[in-house]
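Spelled out, the chains give:
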Amino acid sequence: MKNQINMANGLLKPLTKETVELIAQWEYEAPYNAYSFKGHHDEYLLDESTWGTEQFCLVDGGIILGQVACQYEGTDLWVGWSMTPQLCGKGNGAAFVAKCVQELRRIKDHSGRILLRVSARNKRAIRAYQKAGFQYVETIQDEIAFSDNMEDFWVMALPSPITVREAVSETDVAVFWEQLHAYHKRDIFSDSDIEELEYFLSSEYHDHMMKIYRRQQDRCFFLFFQRNGQDIGFTMPVIFTSEDGKCFIMEYCVYPEFRGNGTGKECAKALLNWAKEHGALYAELNHGSNIRRRHFWETVGFMENGADEWGEPLMILPPKENVPITIEILSDPEDWQLKKLENGFLKEIGETPSTEEKQEKLAQAIRDSKITFFMAKRGYRAVGMCSIAKCFSTFACADTGIFEDFYIEPAFRRKGVARKLAQAAQQWGEDNGIASLTVTCAPCDEKMYQALGFDIHLGRTFAYLR
């Protein structure tokens, strides 16, 4: 959009005579002309004693982006601002407001509430404030600037920012466990899950997690969310710095009395920022097949991404960094990442997760060289796989191979992984005397496999299943 600009470099600077002279000429188009500075004598704007204490301008280099005013009322900071007329109506409002808030918190060292008033008729400004996180508080009667006309105004508030603190003392850790148990009983396990709940309330689970909490690397953290010095929730992430920087969010809770008005999303953002500061490159979690939980994390930016080694559905906030994909032949039949990918594959085709018995049978088949797996690795993380199962063909009088288990995690598709896997498997087949590779697929996948080199049609496949 024309005149939509990046506010990232904006800085609040004290007003000066030069900037005030420019601001005094600002004129807005109807129906916002009531807010124009031009033609009105604004004594407050001209009060030099407020420049740099209450009044500022947001600038980017030599460009004035807007005028900002603020005053304290107790611990609350009341604000008002005007954006340069040339930038209005161009989609800049929310970014302008967010940058002003960021700068005011920095300059005033303010962590409390920020409030403003806005004409109830000014829908454009209200939308910008809502996008920036402001919430409706009440409706009051007030007058439009430079007039004696009274009308309805909304009071809107931006809550204090949410911060993250670690439970370090024995007392804090005890409180964390108390809240975790309450969360499990209240929000996670129903009356039909008594046996599972008992495990999470047991000393066995407690001791297991405390061992992870105390280890030197890839440890879990007991964290509280705070607002205005008060705990409003908790989370338990594990950051795998020895692997690929994954932050796995094991538990996440906003206390019931603080839920609503976007608090959950703000806590999630605070957690993700904290994780990034502590070396995390992306985040992952289980949503437990809970639709509301899945929808919540989708609003934060997560997407469904297969299943874990136990078959529980996973969500991921995809990493932004571009890491080269390499293909490796699986060497460890018990590799947990193979179990994870297999369950993701089974979930996608509508099958139940693999049982321990089936996993052991698969591991034995790998040991016996009946099947070879190829793993697509993004650094440490396996993001895709395929396999070749050998069989002897009397037609070819040689070993042939069945190409199957072809699966790539959804977050890593459309990045060339499929082609790399197929080419690696085909090359391995040539190097190991495999006369041909065949694949059986659904009609919807035919074009994909043809594009990957499986372009010879061999008729239909029929099977007898006992």
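Quick note: structure is the one above.
Residues numbered from 1 in each chain as written. Predicted model: local features only at pLDDT ≥ 70, side-chain atom pairs only at ≥ 80, totals over all residues. Heavy atoms only, no water.

(A) Fine view of the packing of helix α5 (residues 170-188) against helix α7 (residues 203-214). Their axes nearest at 13 Å, the elements α5 and α7 cross at an angle of 130°. The angle between α5 and α7 falls in the class oblique. Along this stretch, α5 crosses α7, giving a crossing that reads as right-handed. Contacts between α5 and α7 involve V173, W177, L180 and H184 on the former and, on the latter, Y205, H206, M209, M210 and Y213. Class assignment of the residues belonging to the contact of α5 with α7 gives a composition of seven nonpolar, two polar and no charged. (Axes fitted to C-alpha atoms, helices over the stretch in contact; angles between N-to-C directions. Helix = DSSP H or I, 4+ residues; strand = E, 2+ residues; numbered from the N terminus. Parallel < 35°, antiparallel > 145°, perpendicular 65-115°, else oblique. Left-handed = near helix turned anticlockwise from the far one by under 90°. Contact = heavy atoms within 4.5 Å. Nonpolar A, V, L, I, M, F, W, Y, C, P; charged D, E, K, R; others polar.)

(B) Representation of the pairing of strand β12 (residues 282-286) in the model. For β12, the buried fraction is high: four of the five residues fall into the buried class. As judged from the four bridges shared by strand β11 (residues 246-254) and β12, these two strands associate in the parallel manner. What sits directly across from I249, in β12, is L285. Read from β11 through helix α8 (residues 263-277) to β12, the crossover connection turns out right-handed. Sheet analysis places β12 next to strand β14 (residues 313-317), joined by four bridges and oriented antiparallel. Bridge pairing in β14 places N286 opposite L314. (Buried < 20%, exposed > 50% of the residue type's maximum accessible area, 1.4 Å probe, protein only. Pairing = 2+ DSSP bridges. Right-handed = clockwise from strand over helix to strand, strands pointing away.)

(C) Quick look at the pairing of strand β16 (residues 371-378). Along β16, eight of the eight residues are buried, which leaves the element largely enclosed by surrounding structure. Burial along β16 is two-sided: the face carrying I371, F373, M375 and K377 and the face carrying T372, F374, A376 and R378 are both buried. Alignment of strand β15 (residues 325-329) against β16, held across five bridges, turns out to be antiparallel. Across the sheet, E328 pairs through a bridge with M375, a residue of β16. Bridge count for β16 against strand β17 (residues 381-393) is eight bridges, and the pairing is antiparallel. Across the sheet, F373 pairs through a bridge with S387, a residue of β17.

(D) Local environment of the nonpolar core. Among the nonpolar cores identified, the biggest contains 38 residues, and V79, W81, F96, L116, Y129 and F134 are the most heavily contacted of them. Those elements that place two or more of their residues in this core are α1 (17-23), β2 (55-60), β3 (63-73), β4 (76-83), α3 (93-108), β5 (114-119), α4 (123-131) and β7 (150-158). Counting residues per element, this core draws most heavily on α3, which supplies five residues. Among all residues touching Y129, those that are not within four sequence positions of it are W81, V97, L116, V118, F134 and M156. A167, Y213, F224 and M236 belong to the second-largest nonpolar core, a separate cluster that totals 25 residues. (Core = buried A, V, L, I, M, F, W, Y, C linked by side-chain atoms within 4.5 Å.)

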